[in-house]
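Descriptive structure summary
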Amino acid sequence: MPAAEITTTRTVHAPRQRVWDMLTQAEHIALWWGPNGFTNTIQSMDVREGGLWRYVMHGPAGADGSPGTDYTNWIRYTTLTPPAHMAYAHGGDDPEHAEFHATIDLQDLGERTQVTLRLLLASPEQQAQLVAAGAVQGAEQTLARLGAYVSATPDAECFRISHSFNAPLAAVWQAWSEPARFAQWWGPGGSTLQLKTMDFQPGGLLHYAMCWGGVPAMWGKFVYGQIVPQQRIVFTNGFSNEAGDTTRAPFFDDWPLQVLNTVTFTEEGGQTTVALHGGPICATPAERSRFAENFESMLQGFGGTFAQLEAYLLRKE
């Protein structure tokens, strides 16, 4: 029995199997794991008893503008009972010794799931240290982000756009997946792209600035989730600053900080159709409302972006 523990419980609006998938699939957990403002780079994830999950958690920038801190993490799974229970050891810079052990239990409530996270600690002193370091708030925020992720905007309320290109699927996929090609077309008509980082893999970061002559650059970033070659790309996107920190939209305050997008690719008769749909996650009702009010402007923006992709593909021919 542990000498002390920290327990956090939250009910999320999703069935238990879906929540289990969010915990055990790298392309999903990269997008929500950790406290508010943190992002993740997944190095490896072997979900089996004895398997190891390695990742780096990137902290947000300080209030004084100082860069965020990177935290090395590893998790070794000790017990897996899908889709109800997992236990694991959690460590940091020391690859041999765990800092603490933890369990996650999922109680089936039909269309909802009760998630219970327990940190199992060696002593009351360790418990006091973690509480002082913000472990309680961190655990609560992590489960809140899980809840927001699994209860993202329903499909019926998502923005949608599609376009068919006179180009083979392989060429269109290259334009989305290769930095040198992506930089030549992403963004509305009249803009150019300054590509700072593009790590095209689950958990990878795309950090860029859209530029127009005579006005300040507009910075944004993606965090890639699921990637199925020549079929699907899932990513979150939002506005950022030059350092890569998430910021509010420059044109109004109540724009959602994160939008979850799915892009699909299909080929028929020598043409490739690209379809995108997206909706806010971790959003307030006001943010969701603002997003829905701007479908027309998003149609214009993405329409211009797809027009630039079409022109690029024609040049490549």
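Presented here is a report on the structure given in the accompanying data block. Keep in mind the model is a prediction, meaning the values are calculated, not measured.

Quick notes on the rules
All residue numbers here refer to positions counted from 1 along the written sequence of the relevant chain. pLDDT decides what is reported in this predicted model: residues at 70 or higher carry local features, side-chain atom pairs at 80 or more are listed and counted, and totals for whole chains, interfaces and linings draw on all residues regardless. Working from all heavy atoms in the structure, the side-chain values ignore hydrogens and water. By definition, two strands form a pair when at least two bridges between them are found by DSSP. Numbering of helices and strands runs from the N terminus; a helix is a DSSP stretch of H or I covering at least four residues, while a strand is a stretch of E covering at least two. Any residue under 20% of the maximum accessible area for its type is buried, any over 50% is exposed, and the rest in between are partly exposed; the area is computed with a 1.4 Å probe on protein chains only. When charges are counted, Lys and Arg contribute as positive and Asp and Glu as negative, whereas His and the chain ends are disregarded. What counts as a salt bridge is simple: a side-chain nitrogen of Lys or Arg found within 4 Å of a carboxyl oxygen of Asp or Glu. Identification of polar contacts relies on pairs of N or O atoms within 3.5 Å, with a donor-acceptor requirement for protein atoms, meaning one able to donate a hydrogen and the other able to accept it, and with residues adjacent in sequence counted only if both atoms are side-chain atoms. Whether two residues are in contact is decided by their heavy atoms, any of which lying within 4.5 Å being enough. Axis lines are fitted through C-alpha atoms, for helices just across the contact stretch, and the angle between N-to-C directions can take any value from 0 to 180 degrees. Any residue with relative accessible area above 30% and no salt bridge may belong to a patch, with like charges joined within 9 Å and the nonpolar Val, Leu, Ile, Met, Phe, Trp and Tyr side chains within 5 Å. All accessibility values rest on the Shrake-Rupley procedure with a 1.4 Å probe; residue burial counts only the protein chains present in the view. Here the site of a charge means atom NZ of a Lys, CZ of an Arg, CG of an Asp or CD of a Glu.

1. So, the pairing of strand β9 (residues 192-198)
Relative to strand β10 (residues 205-211), β9 is paired through 6 bridges, and the arrangement is antiparallel. Pairing of Met198 across the sheet is with Leu206, part of β10. With antiparallel pairing between neighbouring strands as the criterion, β9 and β10 make up a hairpin whose turn holds 6 residues, including Gly203 at a positive phi of roughly 90°.

2. Some words on the side chain of Lys221
The residue Lys221 is located in strand β11 (residues 218-228) in this model. Although Lys221 is buried, it forms no salt bridge, and the closest oppositely charged side chain is Asp245 at an N-O distance of 6.2 Å. A polar contact is formed between the side chain of Lys221 and the backbone oxygen of Gly244, at a distance of 2.9 Å. Apart from residues lying up to four places away in sequence, Lys221 is in contact with Thr39, Leu205, Leu206, His207, Tyr208, Thr236, Asn237, Gly238, Ser240, Gly244, Asp245 and Thr246.

3. Notes on the pairing of strand β2 (residues 39-45)
The pairing of β2 with strand β3 (residues 52-58) spans 6 bridges and is antiparallel. Within the sheet, the bridge partner assigned to Ser44 lies in β3 and is Arg54. In sequence, β2 turns back onto β3 through a hairpin of 6 residues, with Gly50 there showing a positive phi of about 90°.

4. With respect to the environment of Arg145
When you line up the elements, Arg145 lands in helix α4 (residues 135-150). What Arg145 contacts, discounting residues up to four positions off in sequence, is Leu31, Trp32, Trp33, Gly34, Pro35, Asn36 and Phe38.

5. Let's talk about the sheet that holds β3
One open sheet holds the 7 strands; their spatial order is β1-β7-β6-β5-β4-β3-β2, and the pairing between them is antiparallel. Of all the strands in the sheet, just β1 (4-12) and β2 have a single pairing partner and so form its edges. With strand direction ignored, the average angle separating the axes of adjacent strands in the sheet is 25°. Strand direction decides the pairing type here: β1 and strand β7 (residues 112-121), joined by 9 bridges, are antiparallel. When the bridges of β7 are listed, Thr9 appears paired with Thr116. Running at roughly 20° to β1, α4 makes contact with β1 and β7 of the sheet.

6. With respect to a negative patch on the surface
A cluster of acidic side chains, namely Asp93, Asp94, Glu96 and Glu99, defines a negative patch on the protein surface. Tracing the backbone through its elements, the reader meets Glu96 in the loop between β5 (85-91) and β6 (100-109).

7. Section: the environment of Trp53
Within the secondary structure layout, Trp53 lies in strand β3. What makes Trp53 buried here is its relative accessible area of 2%. Beyond its immediate stretch of four places on either side in the chain, Trp53 contacts Ile29, Trp33, Ile42, Ser44, Met45, Asn73, Trp74, Ile75 and Tyr77.

8. Details of the pattern of salt bridges
Tallied over the entire structure, the rule returns 7 salt bridges. Taking the shortest distance from any N to any O, the salt bridge between Glu178 and Arg181 comes out at 2.6 Å. Taking relative accessible area as the criterion, Glu178 reaches 29% and is therefore assigned partly exposed. Classification of Arg181 by relative accessible area gives partly exposed; the value is 21%. Its salt-bridge partner being Asp254, residue Arg290 comes within 3.1 Å of it at the nearest N-O pair.

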